[in-house]
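In case you want the letters, here they are:
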Amino acid sequence: MNITVIGTGYVGLTAGTCFAEMGNKVTCVDIDVDKIKNLKQGIIPIFEPGLEGLVTKNLHKTLFFSSNLKEFIAKTEIIFIAVGTPTKDDNEVELQYFYQAAKDIGQVITKETIIVNKSTVPIGTADKVKEIIQKELDARKIQVKFHVVSNPEFLKEGAAISDFMKPDRVVIGADSEIAFQKMEQLYSPFFRTHDRFIRMDIRSAEMTKYAANAMLATKISFINEIANICEKVGADANKVRIGIGSDSRIGYNFIYPGAGYGGSCFPKDVKALHRIAESHGYTAKLIASVEAVNDAQKLIIFDKIIHRFGADLSGKTFAMWGLSFKPGTDDVREAPSIYVIKALLEKGAKINVYDPKAIETAKQFYLKELKNITYFDAKYQVLDNADALILMTEWKEFRSPDFEEIKLKLNSPIIFDGRNQYNVFHLQEKGFEYYQIGK
Ligand code: UDX
């Protein structure tokens, strides 16, 4: 098939590359000219395992990049809109890029086309897209048949390629048989044993994405709240996690207590769902609490540090392992590490940080202009003269470190672990003061 993908962020670039890998002819379009220039040479803007290899493999064969939508549109059968939909200050979803893409499409399509909403957008956006495209066609005084489809994406950063290549399900929201058929034809190669298509109406598909992310975020805030209660009552949240996870109705997945969820999806989508409900006259109390619990959880490590060292941290230095919101990515959007760093700096502390992948993104965008942070490119170097080690991201290289070396380098053997990675008895035996979540 001949496909155009508008937007080369995580979702657009992954989707376009995976469709190209299956033999489709794919053009990825972006208004960011520099990004496109780099992509044309196989330079990709994000770290995502396996993505660079697949882009290079298919580049100029089945995968093309352009900043000009018109150039390729004549032959395109399916256009994916995968542009960013960030949250505005008032928690409303920013749709200007999305609607601009719809407008651009209306200005260039010449034959029957399927337009697929891949970005996470508020319920009812597909109807608006239809209106926008139709308005442009009317202005051009031509009649072109088009179908608008909602096809939410459920991929996880750090596992984007494997999630896309082997989806649990493909949700298709459409209102015509031809659109369903075309979408199923496109995705069929991704299912080896049996299809996992879920057909539904467009609004339900749009809502499915928010509901999935809100459900997962709820599981995390729930276990974090349980962990906080465990600390008060003298229970161990990790034991409780296993105790409840063994019930198949609950399950073991996504109930790891930690320093809070971050990333580009959960925080944004939970806020947006709350706002969407509100705009329809409904107060989503549970969703609001999920967000409030997480806001507090992002500072739980900071709270523990203050409890241990007192409110004035001037003269103290903390070593931090991990900046990204989870392992396997250089993404630090809404990462708890950023919140903890800012709070510690405010109390006068100095920070030494190391992350295997995220230093550059953090420096460029999120910690820019902040003083008293020193960046290192080796994990043991950050420990020199630090008063404690803080673990924020469970990268594999932090899972089984040399504790003797840590002890030797730190001023005092103290570890604050935001991801419950170590064995408490083991560390106490080695003479560490060890603080974790939920115990
Ligand atoms: C998420 C959804 O999983 C994905 O389906 C959707 O398309 C986009 O949002 P992602 O943001 O890549 O994906 O990250 P995910 O692996 O889901 O983790 C999100 C956050 O939750 C991380 O900060 C992680 O550390 C945290 N988390 C996850 C926990 O704190 N505890 C858990 O048990 C699981």
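The structure displayed is predicted, hence computed values, not measured ones. (Residues numbered from 1 in each chain as written. Predicted model: local features only at pLDDT ≥ 70, side-chain atom pairs only at ≥ 80, totals over all residues.)

Considering the sheet that holds strand S9 (residues 317-321)
And step 1. Taken together, the six strands give an open sheet; going across it, the order is S11-S10-S9-S12-S13-S14, and neighbouring strands pair in parallel fashion. Here the strands that pair on one side only, and so sit at the sheet edges, are strand S11 (373-375) and strand S14 (433-435). Each strand of the sheet is rotated relative to its neighbour by a mean of 20°, with strand direction disregarded.
And step 2. Bridging between strand S12 (residues 388-391) and strand S13 (residues 414-417) involves three bridges; their strand directions are parallel. Looking at the pairing, Ile390 lines up with Phe416 of S13. (Pairing = 2+ DSSP bridges. Helix = DSSP H or I, 4+ residues; strand = E, 2+ residues; numbered from the N terminus. Axes fitted to C-alpha atoms, helices over the stretch in contact; angles between N-to-C directions.)

Some details on the nonpolar core
And step 1. Within the largest apolar cluster, 122 residues are counted, with the highest numbers of intra-cluster contacts made by Ile6, Phe80, Ile81, Ile115, Leu389 and Ile390.
And step 2. Looking at this core element by element, the count peaks at eleven residues for helix H9 (residues 202-233).
And step 3. Once residues lying within four places of it in the same chain are set aside, the contact partners of Ile390 are Ile301, Phe318, Ala319, Met320, Val340 and Phe416. (Core = buried A, V, L, I, M, F, W, Y, C linked by C-beta atoms within 7 Å. Buried ≥ 20, exposed ≤ 12 C-beta atoms within 10 Å, placed from the backbone. Contact = placed C-beta atoms within 7 Å.)

Section: the packing of helix H5 (residues 96-108) against helix H6 (residues 125-139)
And step 1. Contact geometry for H5 and H6: axes closest at 8 Å, N-to-C directions at 35°. Classified by chirality, the crossing of H6 by H5 is right-handed. Contact residues: H5 offers Phe98, Tyr99, Ala102, Lys103, Ile105, Gly106 and Gln107, while H6 offers Thr125, Val129, Ile132, Ile133, Lys135, Glu136 and Leu137. (Left-handed = near helix turned anticlockwise from the far one by under 90°.)

What about the UniProt feature "binding site: substrate" (unreviewed entry) in the chain?
And step 1. In the numbering adopted here, UniProt assigns the feature "binding site: substrate" (unreviewed entry) to Phe154, Leu155, Lys156, Glu157, Lys209, Phe254, Ile255, Tyr256, Pro257, Gly258, Gly262 and Lys326. Spatial dispersion of the annotated residues is evident: they stretch over 173 residues in sequence, and the largest pairwise C-alpha distance comes to 23.7 Å.
And step 2. Relative to the helices and strands, Leu155 is located in the loop between strand S6 (146-150) and helix H7 (160-165).
And step 3. For Leu155, a count of 20 C-beta atoms within 10 Å translates into the label buried.
And step 4. Beyond its immediate chain neighbours, meaning those up to four positions away, Leu155 contacts Val11, Thr14, Ala160, Asp163 and Phe164.
And step 5. Filtering out sequence-adjacent residues up to four positions away, Gly262 remains in contact with Pro267, Phe325, Arg333, Glu334, Ala335 and Pro336. (UniProt positions renumbered as here; feature names shortened; annotations may be inferred.)

Examining the confidence of the model for the chain
Reading predicted coordinates in detail is not appropriate for stretches of low pLDDT.
And step 1. Confidence in the prediction for the chain averages 96 pLDDT; 100% of positions are at 70 or higher.
And step 2. The complex model carries a pTM of 0.95, and its ipTM stands at 0.94. (pLDDT = per-residue confidence, 0-100.)

Here's the deal with the packing of H9 against helix H11 (residues 266-279)
For any two helices packed against each other, the geometry is given by the interaxial angle and the distance between the axes.
And step 1. At a closest axis distance of 9 Å, the pairing of H9 and H11 adopts a crossing angle of 110°. As judged from the angle between their axes, H9 and H11 are roughly perpendicular. Here H9 runs over H11; the crossing is left-handed. Taking contact as the criterion, the partners of Tyr210, Asn213, Ala214, Leu216 and Ala217 in H9 are, on H11, Phe266, Asp269, Val270, Ala272 and Leu273. (Parallel < 35°, antiparallel > 145°, perpendicular 65-115°, else oblique.)

Details of the environment of Thr218
And step 1. Following the sequence through the fold, Thr218 ends up in helix H9.
And step 2. The exposure class assigned to Thr218 is partly exposed, which follows from the 18 C-beta atoms found within 10 Å.
And step 3. Considered as a pair, Thr218 and Phe266 are 48 residues apart in the sequence and their alpha carbons are 9.7 Å apart.
And step 4. Setting aside anything within four residues of it in sequence, one finds Thr218 in contact with Leu286 and Val290.

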